[in-house]
Amino acid sequence: MELIDGKKISAEIKEEIALEVKKIKQAGGKTPHLAAILVGHDGGSETYVAHKVKACEFVGFESSLIRYEDDVIEAELLAKIDELNNDVQIDGFIVQLPLPKHISEEKIIEAINPDKDVDGFHPVNVGRMSIGLPSFVSATPAGILQLLKRYNIDISGKHCVVLGRSNIVGRPVSILLSQKADVGNATVTVCHSRTANLKELCLQADIIIAALGVPEFLTGDMVKEGTVVIDVGTTRVKSDKTKSGWKLKGDVKFDEVAEKCSYITPVPGGVGPMTIVSLLKNTLLAAKGEIY
Ligand code: GUN
């Protein structure tokens, strides 16, 4: 079994981005600028956004963090989005999800100008991605594809089982894996809460992408020998062994599954760091105007 080291690969990609930013600045170009809107104080969202800001600093981007309390009204967020859409200094921006229940995530995402939607969540970007047109591809699916690519894991003709059908991970990654592309051409099965024979399907899989948000869902008896396992889960569970009082758990029962598979991503240190570098890459593409 080989561990897929997302920390190492993401560090390499950050160096590549930093070098490109340096060249842009040396040539007198504008410093890429990513803005993030964060509503409320959800622990997970706070951590993700802090990592995103730190990563921007590392590669030499400018970043802005715009915070609102939980009780912000939708109209105020929409007004800020309109402002960011029209701010020539901002190359791309994200609205960290989830949002409080009284705010429509759909409405918020649709308000973002697709050419600044570096999360790739806007229906225009999702639609363009689905038919293979240039688009911002959402960060976690893009990060997963990069890991497969950089570990030379050939997925062409392989059976890939995706667990979960979320708009952020399951659905887009399933589309990308089946596309006629460099990392693509897989036969994809998408499993979800209504899938009847999930264990049988997993046992037939050459690659499993676990993205359902259920800690330790995938157990050793659900994978065949030699499977490639990508764990997208990042659920915070209580722990008396850590200072913070919680630890991150993936969707894979690591010790059991690692014994059988050929490659596996750890949690933390697998997909998570890749998500952040994919966001940086999209921001760089936005700054260079390479998608639109
Ligand atoms: N919440 C969980 N993942 C993401 C992400 O990739 N982007 C945003 N904006 N919110 C998230």
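In short, a report on the structure. (Residues numbered from 1 in each chain as written. Predicted model: local features only at pLDDT ≥ 70, side-chain atom pairs only at ≥ 80, totals over all residues. Heavy atoms only, no water.)

### Brief notes about the pairing of strand β7 (residues 207-210)
Each regular strand shows side chains that alternate between the opposite faces of the sheet.
Here's step 1: Of the two faces of β7, both are covered, the one formed by Ile207 and Ile209 as well as the one formed by Ile208 and Ala210.
Here's step 2: Summarising the sheet, β7 and strand β8 (residues 228-231) pair through 4 bridges and their orientation is parallel. Within β8, the residue paired with Ile208 across the bridge is Val229. (Buried < 20%, exposed > 50% of the residue type's maximum accessible area, 1.4 Å probe, protein only. Helix = DSSP H or I, 4+ residues; strand = E, 2+ residues; numbered from the N terminus. Pairing = 2+ DSSP bridges.)

### Some details on the site of the ligand
Here's step 1: In the vicinity of the ligand, the contacting residues are Lys52, Val95, Gln96, Leu97, Asp119 and Phe121.
Here's step 2: Residue Val95 places a main-chain N or O atom 2.8 Å away from a nitrogen atom belonging to the ligand.
Here's step 3: One of the side-chain nitrogen or oxygen atoms of Asp119 is found 2.6 Å away from a nitrogen atom of the ligand.
Here's step 4: Compared with its free state, where it exposes 280 Å², the ligand has 84% of that area covered by protein.
Here's step 5: Using a 2 Å cut-off from the grid points, one finds that the ligand occupies the largest pocket.
Here's step 6: Residue classes in the shell around the ligand are distributed as 3 nonpolar, 1 polar and 2 charged. (Near = heavy atom within 4 Å. Polar contact = N/O pair within 3.5 Å; in protein donor to acceptor, adjacent residues only side chain to side chain. Areas by Shrake-Rupley, 256 points an atom, 1.4 Å probe, with all protein chains shown as cover. 1 Å grid on protein atoms, 1.4 Å probe; cavity = no way out; pocket = protein on both sides within 12 Å on 5 of 7 lines; lining within 4 Å. Sits in = over half its atoms within 2 Å of the grid points. Nonpolar A, V, L, I, M, F, W, Y, C, P; charged D, E, K, R; others polar.)

### Details of the pairing of β8
Here's step 1: Here β8 shows no split at all, with Val228 and Ile230 on one side and Val229 and Asp231 on the other all buried.
Here's step 2: Here β8 pairs with strand β11 (residues 263-264) via 2 bridges, running parallel. Looking at β11, one finds that Val228 is bridged to Tyr263.

### Concerning the layout of surface pockets
Empty space among the atoms can be located by rolling a probe the size of a water molecule over them.
Here's step 1: Of the pockets and cavities examined, the largest pocket occupies roughly 1500 Å³.
Here's step 2: Taken together, 50 residues line the largest pocket, and the ones lying closest to its centre are Tyr48, Thr234, Gly272, Thr275 and Ile276.
Here's step 3: Those elements that provide at least two residues to the lining of the largest pocket are α1 (6-26), α2 (43-59), α6 (139-150), β9 (235-238), β10 (246-249) and α10 (271-288).
Here's step 4: Here the lining of the largest pocket takes 9 residues from α2, the largest share from any one element.
Here's step 5: Size it by volume and the second largest pocket reaches roughly 530 Å³.
Here's step 6: Residue lining of the second largest pocket: 21 residues in total, with Val137, Ala142, Leu145, Gln146 and Leu176 positioned closest to the centre.
Here's step 7: Elements with a contribution of two residues or more to the lining of the second largest pocket: α6 and α10.
Here's step 8: When the residues that make up the lining of the second largest pocket are grouped by side-chain class, the tally is 12 nonpolar, 6 polar and 3 charged. (Points joined across faces, edges and corners; volume = space filled by probe spheres on them.)

### Considering the side chain of Asn85
Here's step 1: Structurally, Asn85 is set in helix α3 (residues 74-85).
Here's step 2: In contact with Asn85, other than residues within four places in its own chain, are Phe93, Ala111, Ile112, Asn113 and Lys116. (Contact = heavy atoms within 4.5 Å.)

### Considerations on the sheet that holds strand β4 (residues 92-95)
Here's step 1: Taken in spatial order, the 3 strands make up an open sheet running β3-β2-β4, and their pairing is parallel. At either margin of the open sheet sits one strand with a lone partner, and together these are β3 (62-68) and β4. The average angle at which neighbouring strand axes cross in this sheet is 15 degrees, direction not considered.
Here's step 2: Strand direction decides the pairing type here: strand β2 (residues 33-39) and β4, joined by 4 bridges, are parallel. Within the sheet, the bridge partner assigned to Ile37 lies in β4 and is Val95.
Here's step 3: Along the sheet, α2 makes contact with β2, β3 and β4, crossing β2 at roughly 165 degrees.
Here's step 4: Sheet strands touched by α3: β2, β3 and β4. Its angle to β2, the strand with the most contacts, is close to 180 degrees. (Axes fitted to C-alpha atoms, helices over the stretch in contact; angles between N-to-C directions.)

### Section: the nonpolar core
Here's step 1: Of all hydrophobic cores here, the largest spans 49 residues; its most connected members are Ile144, Leu148, Leu177, Ile209 and Ile230.
Here's step 2: Looking at which element gives the most residues to this core, the answer is α10, with 8 residues.
Here's step 3: In contact with Ile144, other than residues within four places in its own chain, are Val169, Val173, Ile209, Ile230, Val232 and Val271. (Core = buried A, V, L, I, M, F, W, Y, C linked by side-chain atoms within 4.5 Å.)

### What about the packing of aromatic side chains?
Here's step 1: As enumerated under the stated definition, the model contains 2 aromatic pairs in all.
Here's step 2: Plain terms: the ring middles of Phe136 and Tyr292 are 6.0 Å apart, the flat faces sit at 55 degrees to each other, and that makes the pair tilted. Here Phe136, found in the loop between α5 (123-130) and α6, pairs with Tyr292, found in the segment after α10; they are 156 residues apart in sequence, far enough to count as distant.
Here's step 3: Ring geometry for Tyr151 against Tyr263: centres 6.3 Å apart, planes inclined by 75 degrees, an arrangement best described as edge-to-face. Of this pair, Tyr151 sits in the loop between α6 and β5 (159-163) while Tyr263 sits in strand β11, placing them 112 residues apart in sequence.
Here's step 4: Take Tyr151: its relative accessible area is 12%, and that puts it in the buried class.
Here's step 5: The lysine or arginine in question, Lys14, covers the ring of Phe58, its NZ or CZ lying 5.4 Å from the ring centre.
Here's step 6: Its end group placed over the ring of Trp246, Arg236 keeps NZ or CZ at 3.6 Å from the ring centre. (Phe/Tyr/Trp six-rings, centres within 6.5 Å; stacked < 30°, edge-to-face > 60°. Lys NZ or Arg CZ within 6 Å of the ring centre and 35° of its normal.)

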